[in-house]
Amino acid sequence: MTQPLLLVLDLTGTFVFGLNGALTAVRAARLDVVGVLTLGVITALGGGITRDVLIGAIPPAAFTDWRYLALALGGSAVAFVLSRRLDALGTPILVLDAVGLSVFAVIGAAKALEFGLGAAPAVLLGAVTAVGGGTIRDTLVRQVPTVLHSELYAIPALVAAGLTVAAVGAGVYGLPAALGAAAVCFVVRMIGVRFDLHAPGPPGAGQRAQEHERDDDERS
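Numbers given to residues run from 1 along each chain, matching the order in which its sequence is written. Predicted model: local features are reported for residues with pLDDT of at least 70 only, side-chain atom pairs are reported and counted for 80 or more only, and whole-chain, interface and lining totals are derived from all residues. To obtain the side-chain values, all non-hydrogen atoms of the structure were included, while hydrogens and water were left out.

Describing the overall build of the chain
Argument step 1. Helix and strand assignments come from DSSP, with helices taken as H or I runs of at least 4 residues and strands as E runs of at least 2, each series counted from the N terminus. Broken down by element type, the chain carries 10 helices and zero strands.
Argument step 2. When the helices and strands of the chain are placed in sequence order, the string is α-α-α-α-α-α-α-α-α-α.
Argument step 3. Only the C-alpha atoms count toward the radius of gyration. The rule for a globule is 2.2 Å times the residue count to the power 0.38. Rg of the C-alpha trace for the chain: 18 Å, near the compact-globule value of 17 Å for 220 residues, within the 12% margin.
Argument step 4. Categorising residues by exposure relies on relative accessible area from a 1.4 Å probe, with only protein chains included: less than 20% of the type maximum marks a residue as buried, more than 50% marks it as exposed, and the intermediate range marks it as partly exposed. With 220 residues in all, the chain has 40% of them scored as buried.
Argument step 5. Contacts are residue-level and defined by heavy atoms, with any inter-residue pair within 4.5 Å sufficient. A sequence separation of at least 24 residues applies to 77% of the contacts in the chain between residues at least 6 apart.

What follows is the structure, encoded as structure tokens:
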């Protein structure tokens, strides 16, 4: 993380992921302050810790640089205290969340390559860095992980990680290439949110969902 701008975006993403993760915890489950802070920190740091453990970067960066844990806790605490007021800031938080997703995917893929992994594992770990924390959080509150059913989320992260790997392979990786890959991820993510786009489901999934909804309505 030698580029100051990438570091700033990475730290910003950590704060926003902590904020967003804690807000999700407040809305999805009746948790006390310990539970909310824990889920916020897991959302912010879980993906990066998972990546570092898998590539052998021990101890993980989240434990060697105090800023990551501090910002994750800070974002979680803000969400806990101001959860009702933050509901009115849904769009700005969503935009910042997309920024965090984008930067985490790029940085995760680049770090995997630094540790000697091939192209495919690096792309996968870039996506894991971006969506891993939220997946762990959703699992802990017994929800289907957002990445599996929400608007385009994992796909933009995979695209950004793929572009990063391609840039490194072509020998042109640097700040412009990193920002370009992150920008592509951000744009794809926001298009998915704006137009409510989703990854394709299995044939007939929509019809089956409607049938289940009708059955639920009839039973109620």
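There's more to say after this.
Quick look at the nonpolar core
Argument step 1. Side-chain atoms within 4.5 Å are what join buried Ala, Val, Leu, Ile, Met, Phe, Trp, Tyr and Cys residues into a set we call a nonpolar core. Judged by nonpolar contacts, the single largest core of 24 residues is most densely connected at Phe 17, Leu 45, Leu 101, Val 106, Ala 130 and Ala 157.
Argument step 2. When contributions to this core are tallied by element, the ones reaching two or more residues are α1 (4–28), α2 (33–55), α4 (66–81), α6 (90–114), α7 (119–140), α8 (154–169) and α9 (175–194).

A short note on the UniProt feature "domain: Glycine transporter" (unreviewed entry) in the chain
Argument step 1. The UniProt entry lists residues 8–83 and 95–166 under the feature "domain: Glycine transporter" (unreviewed entry), expressed in the numbering used here.
Argument step 2. With 86% helix and 0% strand, residues 8–83 has its two end C-alpha atoms placed 25 Å apart. UniProt positions are given in the numbering used here, feature names are shortened, and annotations may be inferred rather than shown by experiment.

Remarks on the packing of aromatic side chains
What describes a pair of aromatic rings is the distance from one ring centre to the other and the angle between the planes of the rings.
Argument step 1. Each aromatic pair joins two rings of Phe, Tyr and Trp (for Trp, the six-membered one) with centres within 6.5 Å, and gets the label stacked for planes under 30 degrees apart, edge-to-face for over 60, and tilted for any other angle. In the structure shown here, the tally under the stated rule is one aromatic pair.
Argument step 2. A positively charged side chain is recorded as over a ring if its NZ (Lys) or CZ (Arg) lies within 6 Å of the ring centre. The angle to the ring normal must also be within 35 degrees. The ring of Phe 195 is capped by Arg 194, whose NZ or CZ atom sits 5.2 Å from the centre of that ring.

Digging into the side chain of Thr 14
Argument step 1. On the secondary structure map, Thr 14 appears in helix α1.
Argument step 2. The contact partners of Thr 14, leaving out residues within four places of it in the chain, are Ala 44, Leu 45, Tyr 68, Leu 71, Ala 72 and Phe 104.

Here's the deal with the layout of surface pockets
Argument step 1. Within this model, the second largest pocket holds a volume of roughly 430 Å³.
Argument step 2. Only protein atoms enter the 1 Å grid used here, on which a cavity is any set of points holding a 1.4 Å probe that cannot leave and a pocket is any open set flanked by protein within 12 Å on both sides along at least five of seven lines; residues with an atom within 4 Å of a point are listed as lining. Asn 20, Thr 24, Asp 97, Arg 137 and Thr 146 are the residues nearest the centre of the second largest pocket, which is lined by 23 residues in total.
Argument step 3. Among the elements of the structure, α1, α6 and α7 are those that each provide at least two residues to the lining of the second largest pocket.
Argument step 4. Here the lining of the second largest pocket gets six residues from one element, more than from any other, and that element is α7.
Argument step 5. Three categories are distinguished: nonpolar for Ala, Val, Leu, Ile, Met, Phe, Trp, Tyr, Cys and Pro, charged for Asp, Glu, Lys and Arg, and polar for the others, with Gly belonging to the last. In terms of residue class, the lining of the second largest pocket is built from 10 nonpolar, eight polar and five charged. Grid points are joined across faces, edges and corners, and a volume is the space filled by probe spheres set on the points.

Structural notes on the UniProt feature "transmembrane region" (unreviewed entry) in the chain
Argument step 1. This chain's UniProt record puts "transmembrane region" (unreviewed entry) on residues 6–26, 33–54, 94–113, 119–140 and 152–173.
Argument step 2. The span residues 94–113 is 100% helix and 0% strand, and its two end C-alpha atoms sit 29 Å from each other.
Argument step 3. For residues 119–140, helix accounts for 100% and strand for 0%, while the C-alpha atoms at its two ends are 31 Å apart.

Remarks on a nonpolar patch on the surface
Argument step 1. A contiguous nonpolar patch, built from Val 26, Val 33, Val 34, Phe 80, Val 81 and Leu 82 and spanning about 470 Å² of accessible area, is present on the exposed surface.
Argument step 2. Along the chain, Leu 82 falls in the loop between α4 and α5 (83–86). Patch construction takes residues with relative accessible area above 30% that form no salt bridge. Like charges are linked within 9 Å, and nonpolar side chains (Val, Leu, Ile, Met, Phe, Trp, Tyr) are linked within 5 Å. Computed with a 1.4 Å probe, the accessible areas rest on the Shrake-Rupley method; for each residue, only the protein chains presented here act as cover. Salt-bridge detection follows one rule: a side-chain nitrogen of Lys or Arg within 4 Å of a carboxyl oxygen of Asp or Glu.

Things to note about the pattern of salt bridges
Argument step 1. Scanning all chains against the criterion turns up four salt bridges.
Argument step 2. One salt bridge in this structure joins Arg 51 and Asp 52, with 2.9 Å as the shortest N-O distance. Each member of the pair Arg 51 and Asp 52 is classed as buried.
Argument step 3. Of the charged contacts in the structure, one is a salt bridge between Asp 52 and Lys 111, with a shortest N-O distance of 3.1 Å. Within this pair, whereas Asp 52 is found in helix α2, its partner Lys 111 is found in helix α6, the two being separated by 59 residues in sequence. Each member of the pair, Asp 52 together with Lys 111, is buried.
Argument step 4. If you follow the salt bridges from partner to partner, you end up with Arg 51, Asp 52 and Lys 111 in one network.

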